[in-house]
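Geometric and topological summary
Listed here are the chains, written in short residue letters.
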Amino acid sequence: MTSASTTPALSIAVLGIGMMGFPMARRLCEAGHRVTAWNRSRAKAERLQPFGAQVFDRPADAVANADIVVCLLEDGRVVEDVLFAQGTTDGLRPGNLVIDMSSIQPRQARDHAARLAALGVHHLDAPVSGGTVGAEAGSLAIMAGGKPADFERALPVFATFGRATHVGPHGSGQLAKLANQMIVGITIGAVAEALLLCEKGGADMGKVKQAISGGFADSRILQVHGQRMVDRDFAKRGAISVQLKDMRNALTTASEIGFDAPITGLFEQLFAQAADHGLADLDHSALFMELASRNGMN
């Protein structure tokens, strides 16, 4: 873990103190960095005050004395609103580095990078995988797009959050996150359908999961989400609604670059139907419930 003893303290503003933003900003505080914070609802940001963060009512004020800005916002529309419509750019200075760790469309990331570059502000798109558990533990996988020099500059920040990989120019981090989410969503569906088939045929789902663990079909999805399916535990960690957003972003990006993604298209429909049937705010492993319902197994 990055600490004040190994890395000089940095001035870092965090915009967006939600399920991911809170533990990540707290880790920055605990690592000895000077942290300022903003959130649309101030109370969420105020939870950071016991850890030493300063909280501001306007994002422009939060970034005014920061060298690095970390965005952890809901989607591309919100990122654009906070950065450009709410006046954050008024508080930025040439030479600042904006690290957008939100999950947005690659096209949006490239647009934001270009608009910030016109102001002399550097940009990385660096979405993450690992969820709130990874955010708490500092074990996130971070996929970064942008200039190599900016990636090197961001490494002390990334080290506090987990393991970072520079995957290419602006927008590439978001492409990697879409790939991650495509694989996650599709694999959740494969695990759910396979386990339900076994249950329908009379096998014990938990024993089937145990039997295939360690074989060629094993995966983190089988172990974590498969166990949730066995336990019927669909409390939200990563929501169906968010998984659906990611699948739609993947399809939009595929369309923009002329790529046919039929498997992702099928799963976008399945997650959309799950959301339509009242499962939107459950964990994305609850696609299991949609498939169970189709088979009269609820």
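Quantities reported herein were computed from a predicted structural model and do not represent experimental measurements.

Let us now look at the overall build of the protein chain. Helix and strand counts for the protein chain come out as 14 helices and nine strands. Its C-alpha atoms give the protein chain principal-axis dimensions of about 65 × 45 × 35 Å. Counting the 298 residues in the protein chain, one finds 50% classified as buried. Long-range contacts, defined as pairs at least 24 residues apart, comprise 66% of the intrachain contacts of the protein chain with a sequence gap of at least 6. Approximately 13,300 Å² of the protein chain is accessible, and the part contributed by carbon and sulfur atoms is 55%.

Turning our eyes to something else, we now look at a positive patch on the surface. Taken together, the side chains of Arg40, Lys44, Arg47 and Arg77 define a basic patch exposed on the protein surface. If you trace the backbone, Lys44 turns up in helix H2 (residues 42-46). Assessed through its relative accessible area of 43%, Lys44 is described here as partly exposed.

A residue-level look at the protein chain finds 98% of positions with pLDDT of 70 or above and a mean pLDDT of 96. Confidence drops under a pLDDT of 50 for residues 1-5, and excluding neighbours within four residues, the segment shows 13 contacts in the predicted structure.

Let's shift gears to the nonpolar core. Counting residues in hydrophobic clusters, the biggest one holds 32 residues, and the most contacted among them are Val14, Ile99, Met101 and Phe158. Broken down by secondary-structure element, the contributors of at least two residues to this core are strand E1 (11-15), helix H1 (21-30), strand E2 (34-38), strand E4 (68-71), strand E5 (97-100), strand E8 (140-146) and helix H8 (148-161). For Met101, the contacting residues outside a window of four places in its chain are Met24, Val70, Cys71, Leu72, Ala126, Pro127, Val128, Ile142, Phe158 and Phe161. In this structure, Met229, Leu270, Leu287 and Met297 belong to the second largest nonpolar core, which totals 27 residues.

Every α-helical turn comprises 3.6 residues, leaving residues that sit three or four positions apart pointing alike. If you check which residues of helix H13 (residues 262-279) are buried, you get Thr264, Gly265, Phe267, Glu268, Leu270, Phe271, Ala272, Ala274 and Leu279. Its buried side turned inward, H13 meets helix H9 (172-200), helix H12 (240-257) and helix H14 (287-294).

Topologically, Lys209 is positioned in helix H10 (residues 205-212). According to the relative accessible area criterion, Lys209 is buried, its value standing at 9%. Between the C-alpha atoms of Lys209 and Ala179, which are 30 residues apart in sequence, the distance is 25 Å. Among all residues touching Lys209, those that are not within four sequence positions of it are Leu195, Leu222, Gln223, Gly226, Gln227 and Val230.

Remark: H13 packs on H14, axes separated minimally by 9 Å, with the N-to-C direction vectors making an angle of 85°. Overall, the two elements H13 and H14 adopt an arrangement that is roughly perpendicular. In this structure, H13 contributes Phe267, Leu270, Phe271, Gln273, Ala274, His277 and Leu279 to the contact, and H14 contributes Leu287, Met289, Glu290 and Arg294. Its residues assigned to classes, the contact of H13 with H14 shows seven nonpolar, two polar and two charged.

What follows concerns the UniProt feature "domain: 3-hydroxyisobutyrate dehydrogenase-like NAD-binding" (unreviewed entry) in the protein chain. Following the UniProt record, the feature "domain: 3-hydroxyisobutyrate dehydrogenase-like NAD-binding" (unreviewed entry) maps to residues 171-287 here. Helix makes up 74% of residues 171-287 and strand makes up 0%, while its end C-alpha atoms are separated by 29 Å.

So, on to the pairing of E8. Most of E8 sits out of view: six of its seven residues are buried. In this sheet, E8 lies alongside strand E6 (residues 122-125) in antiparallel orientation, the contact comprising two bridges. Looking at E8, one finds that Leu124 is bridged to Gly146. Two strands pair when backbone bridges link them, and strand E7 (residues 128-129) and E8 are joined in this way by two bridges, in the antiparallel orientation. Among the inter-strand pairings, Val128 is bridged to a residue of E8, identified as Ile142. Pairing between E8 and strand E9 (residues 162-168): six bridges, direction parallel. Each bridged residue has a counterpart across the sheet, and for Ala144 the counterpart in E9 is His166. Read from E8 through H8 to E9, the crossover connection turns out right-handed.

Parameters at a glance
- Residues numbered from 1 in each chain as written.
- Predicted model: local features only at pLDDT ≥ 70, side-chain atom pairs only at ≥ 80, totals over all residues.
- Heavy atoms only, no water.
- Helix = DSSP H or I, 4+ residues; strand = E, 2+ residues; numbered from the N terminus.
- Buried < 20%, exposed > 50% of the residue type's maximum accessible area, 1.4 Å probe, protein only.
- Contact = heavy atoms within 4.5 Å.
- Areas by Shrake-Rupley, 256 points an atom, 1.4 Å probe, with all protein chains shown as cover.
- Patch = residues over 30% accessible without salt bridge, like charges linked within 9 Å, V, L, I, M, F, W, Y side chains within 5 Å.
- Salt bridge = Lys/Arg side-chain N within 4 Å of Asp/Glu carboxyl O.
- Lys, Arg positive; Asp, Glu negative; His and termini not counted.
- Charge placed at Lys NZ, Arg CZ, Asp CG, Glu CD.
- pLDDT = per-residue confidence, 0-100.
- Core = buried A, V, L, I, M, F, W, Y, C linked by side-chain atoms within 4.5 Å.
- Axes fitted to C-alpha atoms, helices over the stretch in contact; angles between N-to-C directions.
- Parallel < 35°, antiparallel > 145°, perpendicular 65-115°, else oblique.
- Nonpolar A, V, L, I, M, F, W, Y, C, P; charged D, E, K, R; others polar.
- UniProt positions renumbered as here; feature names shortened; annotations may be inferred.
- Pairing = 2+ DSSP bridges.
- Right-handed = clockwise from strand over helix to strand, strands pointing away.

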